[in-house]
Structures are given as C-alpha cells and as structure tokens.
Amino acid sequence: MAIPKRMKFSLATLLVQAVFIILYVIFVDYEDAADPTKPKAASPIPTYYPMYQDIHVMIFVGFGFLYTFLQRYGYSGAGYNILLGAVAVQWTLIIRALFFHELASGGRVQMSLTELITGDFNAATVLISFGALIGKTGPLQLLVMVILEVVFANLNEYIGTEHLKVSDVGGSMFIHAFGAYFGLAVSRVLYKEPHESSSNLRAGYLSDIFALIGTIFLWCFWPSFNGGLASEDGRLRAVINTVASLVACVVVTMAISSLLSRRGNFEISHLQNASLAGGVAVGTCANMPIKPWGAMVLGTIAALVSTLGYKYGSDFLAAKMKVHDPAGINNLHGMPGVLAAIAGAAMAALATKDNFGDSLYDIFPARTPSIINGTVYAEDRTAMEQGGYQIAALVTTMTVAIVGGLLTGLVMRLPIWDAPEENDLYNDRDYWDISEHGFPSDPTGLQATSSNSTGGLLRSADNAGYDGI
C-alpha cells in the first residue's frame, strides 16, 4: 500500500530528526567553556555571539522574508526556509566532523559558537540553492537536497581549506558561488516547461514589499556575515570593506535600474537583490587591506553585473539552457561570487609583508615561512602561487557544485519524493492550510501584467494598474 505523501513527509522528517538526536548523543558535547566539568575558560560570548546573532537573523529572517516575493507562495517561501535552515545547522556539525577528522580520532565533537556560525553558513548555502527551486519542489524533495548538499558543500570546503589552503573569509566561493551553481544544476535536471509558464509564477505589490523587508535585514547584517569568523584586525577590515561595498552597490543599482527602464522607473527586483551583490563581491577579500575605495569599486561592478543579470541574464538561461532561476540566484550569488573569487586571487598575488603586515600569515597560512632548528627559511608559497591556488579553488568549487547538483537533481527527480503537480506550482495550497478567504486579493490593483525579465516571473510593467491604489 502506497504511503500518503503527507505521512511520507512526516515520517521522513521525524526519522531524520531521530537520527540527528542519536548522533548527537554519541558524538557531540559542549565546548570546554560551556562544560561545567572542565576548568573555567574564557567565554566566547563577547567575541562571537553578537555576530552569530546577526548571521542567525540573516538566515532565518532575511532569507525568509526575501523568499516571500511570490504572490501565492509566501507560507512556503518563509516556512521551507526555516525548515531547511534548521536541518542544515544540525547536519553540518556531524558532516564537518567527518571531513575535518574530529570523529576519526574517536573523540567527541565540541558544539561551539564558531561551529554554530559555520552551521548557519551551511544553511545559507542551501537556502541560496533553494532560490533556484522555489515553487517547483515539494518539501520532501527539499529535505533530500539539504541532506546531500551539506555533504557536497563541506567536501568542497575541505578541499579548498585543507588541501588548497585558500582564504575565503566571507564565503563568496564556498557559500555563494557553490550554493548558486549547485541550485542551478538541480534546476536544470528538474526542468519542465510549466516551471516557466505557470500562471502562479507572479509577484504582487504586497509580496514584493515583504521581500524588500528581507533585503533590508540582509543588507544591514551582511558585515557580520563577512566578518564573523575573521580574526583580530581582519574582522574590523571585513566590516568596513563590506559596508563600503554595500553602500556603493545600492547607489549604482538604483542608477542602473532606472537607466534600463524605458520610462526611467525603478524595478523592485533590482533593489531586492542586486543591491546585496556588493556583500557577495567583497566576501573573499573582505579581511584583506583592499582599502575602502577598492571595496566600493567591487560593489559598483557587482551592482552592474547583477542588475544586468536580472534584466537579461535570467531569461537567457531559461530560454537557451533550460535553467529556470525564479529568484535570480545566479545574478545575486553566482556571478558576484565569481567576481569575489577573482578579486581574492588578485589580492593574494599582490600580497606582501609590506602591504599586509602581520596579517599576511593569518590570512594565508600556507605562506608562513618554515622554521627548522631555529632557522627561518623561505615562505612555503609565493604570492603568485597563492593567487593560483585561489583560482584553483574557484574551479574546484564550480566543478563540485555543478556535478553535485546534477547528481542531487537526479535523486530529487525520483517519483518517490512527490514533486508538485503542474497546478500546484508556486502555490501554498497543496501543503498549507489557507484561510477560508483564500489568498488575499491585491488591494492596490497592481496585479502582474507582463514579464520583468526574471525567468518568466510576472510583475507589473511601468506601473500598470497604479491608478488602482
């Protein structure tokens, strides 16, 4: 007898949570500072908790609101966001322990604030991928994705940090670029024509306002995301550089958005998304001495690339490559992540003790000189070699993301995972209790009337229906 899909989801989710609890009983304990049986240690709360709190808000409030942009998918956009984040945070600690050899030695994993930050980073990776699949996948498919993606993401980070020994403090390669191209690869495998043509694929005036609230949360707290795991003076530079990049990005995004409109109007999706691209573009070199003007240049380039991507790129991907990207993650996370990786490689190739000072070996540990019997020998890597390794990490990230996404998409496409039927695409009704009044009508009259060049998503064009307010 076939299991009803509602029961199937509940059983699968409860099983996953039960496995997590068992694994935590066996392998996980407090970090020393929180363990009452250990000698008193300095609390990490003053150092890490303020930034952890900011990052946590970004993941569960910022992304949550940002993904309410679809008129009939608000419950799912925010609801699946918190589900995926909660699963990713728990699963990350176990998977990281496996890759970084903490369990192999027979010891217990310490649950620390830095690991909780890393858990949120992995949640961000998954939620970025969710942006390419929003409205086209059921909750059981998404549960499969988060379980598999966390494994691939940590494999990629392990290769990048332990073998290539690169720097990516803000996760522009390991989080943003990886999450974007993993999600796009999954989207390609799952592609169906109704994903683009569904009448539910539309945004409304109110749903766009809620999404803009998510943008504001993300924009305000992004400096903590890029600086959360930076050390000493590098953390201060990360905050300053990120703010400089973000403010320039907003200004340029608004300017380009107006230029691209035949009537000089602003496009709300540009402000919702492209205005954040500066935070991504500066991420890899956020803790490096790129100077505030350098960060502003990166934010400016990111705004240009991202806004043009939302205007033209998403439609190109859908029409020519059958890669449907309703949230435009390639424009916000993918291309700006690649830009960040290139900027990081350039900075690494130019890094010297003169321009980096004592931070050089904190940021690039592989360049630390060897000391044998008190004699200091040459650096293990030259600046140019480190720059080459940074590019190698970008290539590795793209490879693991795309291959991992294709494989995950093949698994998610299996009938057992209950993909939404055509009538249920971009619609809360199939999985959520909707009030007896149904979906709210748009009291402003701003019903979607034409494509805004974001993968088929409908919005009002040039204020059509504005007189209805």
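This report concerns the structure included in the present document.

Reading the values: rules and limits
Residues numbered from 1 in each chain as written. Predicted model: local features only at pLDDT ≥ 70, side-chain atom pairs only at ≥ 80, totals over all residues. Heavy atoms only, no water. Salt bridge = Lys/Arg side-chain N within 4 Å of Asp/Glu carboxyl O. Helix = DSSP H or I, 4+ residues; strand = E, 2+ residues; numbered from the N terminus. Buried < 20%, exposed > 50% of the residue type's maximum accessible area, 1.4 Å probe, protein only. Phe/Tyr/Trp six-rings, centres within 6.5 Å; stacked < 30°, edge-to-face > 60°. Lys NZ or Arg CZ within 6 Å of the ring centre and 35° of its normal. Axes fitted to C-alpha atoms, helices over the stretch in contact; angles between N-to-C directions. Left-handed = near helix turned anticlockwise from the far one by under 90°. Contact = heavy atoms within 4.5 Å. Nonpolar A, V, L, I, M, F, W, Y, C, P; charged D, E, K, R; others polar. Expected span 1.5 Å × (residues − 1). Bend = angle between axes of the 7 residues up to and from the residue. Parallel < 35°, antiparallel > 145°, perpendicular 65-115°, else oblique.

When their charged atoms lie close together, side chains carrying opposite charge are able to pair. Within the structure shown, the criterion is met by 8 salt bridges. Between Asp29 and Arg108 there is a salt bridge, with its nearest N and O atoms 3.7 Å apart. Within this pair, whereas Asp29 is found in strand β1 (residues 28-30), its partner Arg108 is found in the loop between α3 (74-99) and β2 (109-111), the two being separated by 79 residues in sequence. Looking at Asp29, the relative accessible area reads 32%, which means it is partly exposed. According to the relative accessible area criterion, Arg108 is partly exposed, its value standing at 41%. One salt bridge in this structure joins Lys38 and Asp32, with 3.2 Å as the shortest N-O distance. Judged by its relative accessible area of 34%, Asp32 falls in the partly exposed class.

Quick look at the packing of aromatic side chains now. Under the definition given, this model contains 15 aromatic pairs. Both rings, one in Tyr73 and one in Tyr80, keep their centres 6.4 Å apart while their planes meet at 70°; by these two values the pair is edge-to-face. Neither Tyr73 nor Tyr80 differs from the other in exposure class; each is buried. Taken together, the ring pairs connect Tyr73, Tyr75, Tyr80 and Trp432 into an aromatic cluster. Taking the ring centre of Tyr389 as reference, the NZ or CZ of Arg381 above it sits at 3.5 Å.

The N-to-C vectors of α3 and helix α5 (residues 139-163) enclose an angle of 35°; their axes lie 9 Å apart at closest approach. The hand of the α3/α5 crossing is right-handed. Two secondary-structure elements touch here, α3 through Tyr80, Leu84, Val87, Ala88, Trp91, Thr92, Ile95, Arg96 and Phe99 and α5 through Pro139, Leu142, Leu143, Val146, Ile147, Val150, Val151, Asn154, Leu155, Glu157 and Tyr158. Each residue belonging to the contact of α3 with α5 can be placed in one class, and the counts come to 16 nonpolar, 2 polar and 2 charged.

What follows concerns α3. Look at α3: 36 Å from first C-alpha to last across 26 residues, which is about the 38 Å you get at 1.5 Å a residue. Considering bend angle alone, the principal kink of α3 is centred on Thr92 and spans about 30°.

With that out of the way, let us pick up the packing of α3 against helix α4 (residues 113-133). It is at 7 Å that the axes of α3 and α4 come closest, and there the two elements cross at 135°. Classified by the interaxial angle, the pair formed by α3 and α4 is oblique. Two packed elements cross with a definite hand, and for α3 against α4 that hand is right-handed. Residues Ser76, Gly77, Tyr80, Asn81, Leu84, Gly85, Ala88, Val89, Thr92, Leu93 and Arg96 of α3 pack against Glu115, Thr118, Gly119, Asp120, Asn122, Ala123, Val126, Leu127 and Phe130 of α4. Class assignment for the residues of the contact of α3 with α4 results in 9 nonpolar, 8 polar and 3 charged.

On to unusual backbone geometry, then. If you check the backbone angles, Glu232 has positive phi at about 50° while not being a glycine. Position of Glu232 relative to the elements: it lies in the loop between α8 (205-227) and α9 (233-259). Residue Glu232 is classed as exposed on the basis of its relative accessible area of 65%. Even without being a glycine, Lys322 presents a positive backbone phi close to 60°. Its location among the elements puts Lys322 in the loop between α12 (291-321) and α13 (329-350).

Our next topic: the side chain of Thr215. Position of Thr215 among the secondary structure elements: in helix α8. Residue classification places Thr215 among the buried residues on the basis of a relative accessible area of 4%. Beyond its immediate stretch of four places on either side in the chain, Thr215 contacts Leu66, Leu271, Gln272, Ser275 and Leu276.

What follows deals with the side chain of His270. By the secondary structure assignment, His270 is in helix α10 (residues 268-273). Under the relative-accessibility criterion, His270 is labelled buried at 2%. In contact with His270, other than residues within four places in its own chain, are Thr253, Ser257, Ser275, Thr307, Tyr310 and Lys311.

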